[in-house]
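# Working through the structure, step by step
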Amino acid sequence: MPAPSVQLPRQLFFATPEDRLSLARERFFERGEKPLGLVDEAVLQSWGRCLASGLRTQQQPLAQRVGPVRLHAAMRLTRLLREAAAPELQRLEATIAFTASRVILTSPDGVVVHVTQRPQGAEETVLPALGRVGIDLSEDAVGTTAPGIVARTGRGVSVRGAEHFSEHVVRTHCAAAPIHDVHGQLAGVLDLTIEGRGFGFDAYALVASHACAIENRLLQLQSPELLVLSFQADPALLGTPLEALVGIDGEGRLRWANAMALRLGQAAIGQSAEEVFGRSAQSLLSSIRQPAPQPLTLPNGLTLWSRAQLRRSDGAGPLTSVPPPAALAAVVDIASPAAAQAQPPEQAATPATLKAQRRRQIQRTLDDCGGNVARAARLLGVSRGLIYRTLREVEHGPTDPNGNTLARG
């Protein structure tokens, strides 16, 4: 009696990465199977979302330029991001100048707000259409790409060749990393893209490093009159993408911290400077006189090197001398009347000054948000009612908590 036939498993090792991706696409798109281990999970989830939204792999991706209103909103929303990114974009573009790669910066929803010109000698057929300011690179518009996945999930990723959803983009390789703001929200996406051949270097490591540097600079630009403390175990790492950063408010508490600070200092948003660093905010503030890094011993016994700065509210740069204790309290919606009254008369900020600072900050944020009160309130961490009352005060004079106009004194 002949032995029953046994079906041998498919080849587990592939001659080329293209063979592996070809099998993954066959199993996913033709058989409806999930090719675990063949493709990154982030890519598989993106493929699934693209199919669910009605996209088809045979479709040419739409090089759709958003309308003027959305583009204007994207440029306004990313104004500070682009300011923070400018020096890093120059360095990154110089680094990849002879690699036929492009640098792309997008808004949080995937609209291109900066892109390098077509590199000399590049073998491009798709990128001339997609690599333009105003093009929507979101997942819904062009399918699976690295910037589209990051805009959707907020997590860095590389997408190589046939990992792209559309069959028309399989000669493209891209790597993208997120950039976050002081509220931990996605502020933008930094992407490296090449067409016609692979990068030939670790593109994700490069783009992630520059995205981290941009994020650190953005955090500082978004922190007027907050004490910004940078620290690391090695003073040579201060001012690099590897530095830890925290922003400390007028109540001496951490308003934000970058990822390195959360790991290195075991810090948590809302903790006091005393709890995290073993020193009061005013004690840390006194070190802004020192241009050189200063030793900082944490409560757990670890000694780090730190540098402190306090940025001006007018954006003119960091302060270079120690301000009075009330200076840290002059932050939008943070300084309490009790804290101001606790200062000596010559040091306490006047109510008029605090209100003026609050109005200026609210107006700036509203401008950045294109007049969207709800978004401005989220960015500032205040209620929409406070913003509406402030706007009414500018137009009609001061109001009570119920919104009734008070007589001018």
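Refer to the structure presented above.
What counts, and at which threshold
Residues numbered from 1 in each chain as written. Predicted model: local features only at pLDDT ≥ 70, side-chain atom pairs only at ≥ 80, totals over all residues. Heavy atoms only, no water. Pairing = 2+ DSSP bridges. Helix = DSSP H or I, 4+ residues; strand = E, 2+ residues; numbered from the N terminus. Axes fitted to C-alpha atoms, helices over the stretch in contact; angles between N-to-C directions. Buried < 20%, exposed > 50% of the residue type's maximum accessible area, 1.4 Å probe, protein only. Core = buried A, V, L, I, M, F, W, Y, C linked by side-chain atoms within 4.5 Å. Contact = heavy atoms within 4.5 Å. Salt bridge = Lys/Arg side-chain N within 4 Å of Asp/Glu carboxyl O. Polar contact = N/O pair within 3.5 Å; in protein donor to acceptor, adjacent residues only side chain to side chain. Phe/Tyr/Trp six-rings, centres within 6.5 Å; stacked < 30°, edge-to-face > 60°. Lys NZ or Arg CZ within 6 Å of the ring centre and 35° of its normal.

Attention now goes to the sheet that holds strand S2 (residues 112-115). Pairing is antiparallel across the open sheet formed by five strands, whose spatial order is S2-S1-S5-S4-S3. Edge strands, defined here as strands with exactly one partner in the open sheet, are S2 and strand S3 (157-160). The mean angle between the axes of side-by-side strands here comes to 20 degrees, regardless of whether they run parallel or antiparallel. Pairing of S3 with strand S4 (residues 172-180) involves four bridges; the strand directions are antiparallel. When the bridges of S4 are listed, Val157 appears paired with Ala176.

This next bit is on the sheet that holds strand S10 (residues 303-310). Strand order across the open sheet formed by five strands is S8-S7-S6-S10-S9, with antiparallel pairing between neighbours. Single-partner strands in this sheet number two, and they are strand S8 (254-257) and strand S9 (294-297). Put simply, the sheet's adjacent strands are angled 35 degrees from each other on average, direction ignored. Pairing analysis gives six bridges linking strand S6 (residues 227-232) to S10, with the strands arranged antiparallel.

With that out of the way, let us pick up unusual backbone geometry. One non-glycine residue, Ala100, lies in the positive phi region at around 65 degrees. Within the secondary structure, Ala100 is located in the loop between helix H4 (79-95) and strand S1 (101-106). Owing to a relative accessible area of 4%, Ala100 belongs among the buried residues under this scheme.

As a general feature of sheets, a regular strand has side chains that alternate between the two faces. Of all six residues that make up S1, six are buried, and the element is covered over most of its length. Of the two faces of S1, the one lined by Ser101, Val103 and Leu105 and the one lined by Arg102, Ile104 and Thr106 are each fully buried. Sheet topology places S1 next to strand S5 (residues 186-195); six bridges connect them, and they run antiparallel. Bridge pairing in S5 places Thr106 opposite Val189. Pairing between S1 and S2: three bridges, direction antiparallel.

Turning our attention to the nonpolar core. Val103, Leu105, Ile179, Leu190, Leu192, Ile214 and Leu218 are the most contacted members of the largest nonpolar core, which has 29 residues in total. If you list the elements that add at least two residues to this core, you get helix H3 (68-77), H4, S1, S4, S5 and helix H8 (203-221). Other than its neighbours up to four places away in sequence, Ile214 contacts Leu81, Ala84, Ala85, Glu88, Ile179 and Leu190.

Looking now at the pattern of salt bridges. A full pass over the atoms with the stated rule returns 11 salt bridges. Between Glu33 and Arg31 there is a salt bridge whose closest N-O contact spans 3.9 Å. A relative accessible area of 32% places Glu33 in the partly exposed class. Taking the relative accessible area as the measure of exposure, Arg31 reaches 38% and is therefore partly exposed. Ionic pairing is found between Glu139 and Arg152, a salt bridge with its closest N-O pair at 3.2 Å. With a gap of 13 residues between them, Glu139 in helix H6 (residues 139-142) and Arg152 in helix H7 (residues 146-153) connect regions that are remote in the sequence. According to the relative accessible area criterion, Glu139 is buried, its value standing at 4%.

With that out of the way, let us pick up the side chain of Asn216. Within the secondary structure, Asn216 sits in helix H8. A distance of 3.1 Å separates a polar atom in the side chain of Asn216 from a polar atom in the side chain of Asn258. Once you skip the residues sitting within four places of it in the chain, Asn216 turns out to touch Thr240, Pro241, Glu243, Leu245 and Asn258.

In the structure shown here, the tally under the stated rule is six aromatic pairs. With 5.6 Å between their ring centres and 75 degrees between their planes, Phe29 and Phe165 make a pair best called edge-to-face. In this pair, Phe29 is assigned in helix H1 (residues 17-30) and Phe165 in the loop between S3 and S4, connecting sequence segments 136 residues apart. We classify Phe165 as buried; its relative accessible area is 2%. Across the ring face of Trp47, the terminal group of Arg25 is positioned such that the distance to the ring centre comes to 5.7 Å.

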